[in-house]
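Coordinate inspection notes
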Amino acid sequence: MINKRIFGLVLIGLTLFACEDQSKKQIGELHKQVMDLHDVVMAEYGSLEKMGFQLKDSLAALNEAGTADETTLSTFHAAIQQNEKGIEGMNNWMRGFDQKYEEKGPEKAVTYLKEQLVEMEKVKKDFDEATQAAKAILE
């Protein structure tokens with residue numbers, strides 16, 4: 001009878017250990033995906049910021065010369081807004097990222113990282129759209 005109880009407790013312990021190990025693995029994989037995407041966006045950050053300055057300088061020159069039509073001005077304004085949205089999105093994500101997410105427990109950590117992955121995918125999409133819009137004008 002005691003052996004059955006001990007066996008049952010050992011079995012429960014092993015099951016819990018296996019689940020915890022699986023959660024840690026999933027957390028590690030999600031963290032890597034989020035940080036890899038973060039690193040890709042950060043590698044583009046300086047370039048996007050530079051294009052934003054170039055767009056603003058070009059728009060100022062067009063306004064000063066008075067040679068741009070409404071369509072051109074509208075295109076510049078839209079590209080500048082996309083640029084600012086991309087930069088602001090990344091800045092907000094970095095400020096809001098909770099480095100202590102693991103302290104919330106494995107289940108909440110997995111949920112948090114999944115949400116952060118979705119957020120970073122949106123930031124990356126915004127960066128890509130802003131880069132395309134700026135390049136279409138500047139190149």
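Details of the structure are given in the entry above.
All of the points below concern the structure found in this document. Please read all numbers here as calculations on a predicted model, not as lab measurements.

**Regarding the overall build of the protein chain**
- Along its length, the protein chain carries three helices and zero strands.
- Secondary structure elements in the protein chain, listed N-terminal to C-terminal, are α-α-α.
- For the protein chain, the proportion of its 139 residues judged to be buried stands at 27%.
- Contacts in the protein chain between residues far apart in sequence, at least 24 positions, make up 81% of those at least 6 positions apart.
- Surface exposure of the protein chain reaches about 9,600 Å², of which carbon and sulfur atoms provide 56%.

**What to know about the packing of helix H2 (residues 70–96) against helix H3 (residues 106–138)**
- Close contact between H2 and H3 brings their axes to 8 Å; oriented N to C, the two are set at 155°. Here H2 is positioned roughly antiparallel relative to H3, judged by the angle of their axes. Here the hand of the crossing between H2 and H3 comes out left-handed. Contacts from Thr 75, Phe 76, Ala 79, Gln 82, Asn 83, Lys 85, Gly 86, Ile 87, Gly 89, Met 90, Trp 93 and Gly 96 of H2 reach H3 at Tyr 112, Gln 116, Glu 119, Met 120, Lys 122, Val 123, Asp 126, Phe 127, Glu 129, Ala 130, Ala 133 and Ile 137.
- A per-class count over the contact of H2 with H3 returns twelve nonpolar, seven polar and five charged.

**Some points on H2**
- Helix length check: H2 (27 residues) gives 38 Å between terminal C-alpha atoms against 39 Å at 1.5 Å per residue, within 8%.
- Residues Leu 73, Phe 76, Ala 79, Ile 80, Asn 83, Gly 86, Ile 87, Met 90 and Trp 93 constitute the buried set of H2.
- For H2, the capping residue at the N-terminal end is Asp 69, with a side-chain oxygen 3.3 Å from the backbone nitrogen of Thr 71.

**A word on the side chain of Lys 124**
- Among the structural elements, Lys 124 can be located in helix H3.
- With a relative accessible area of 17%, Lys 124 lands in the buried category.
- For Lys 124, the residues in contact, after removing those within four places along its chain, are Leu 37, Val 40, Val 41 and Glu 44.

**Regarding the environment of Leu 55**
- Within the secondary structure, Leu 55 sits in helix H1 (residues 2–65).
- Considering only alpha carbons, one finds Leu 55 and Ile 137, 82 residues apart in sequence, at a separation of 8.0 Å.

**Focus on the environment of Leu 113**
- Tracing the sequence through the fold places Leu 113 in helix H3.
- For the pair Leu 113 and Leu 30, spaced 83 residues apart in sequence, the C-alpha to C-alpha distance is 6.0 Å.
- Ignoring anything within four residues of it in the chain, the contact list for Leu 113 reads Ile 27, Leu 30, His 31, Val 34 and Tyr 101.

Basis of the calculations
Residues numbered from 1 in each chain as written. Predicted model: local features only at pLDDT ≥ 70, side-chain atom pairs only at ≥ 80, totals over all residues. Heavy atoms only, no water. Helix = DSSP H or I, 4+ residues; strand = E, 2+ residues; numbered from the N terminus. Buried < 20%, exposed > 50% of the residue type's maximum accessible area, 1.4 Å probe, protein only. Contact = heavy atoms within 4.5 Å. Areas by Shrake-Rupley, 256 points an atom, 1.4 Å probe, with all protein chains shown as cover. Axes fitted to C-alpha atoms, helices over the stretch in contact; angles between N-to-C directions. Parallel < 35°, antiparallel > 145°, perpendicular 65-115°, else oblique. Left-handed = near helix turned anticlockwise from the far one by under 90°. Nonpolar A, V, L, I, M, F, W, Y, C, P; charged D, E, K, R; others polar. Expected span 1.5 Å × (residues − 1). Polar contact = N/O pair within 3.5 Å; in protein donor to acceptor, adjacent residues only side chain to side chain.

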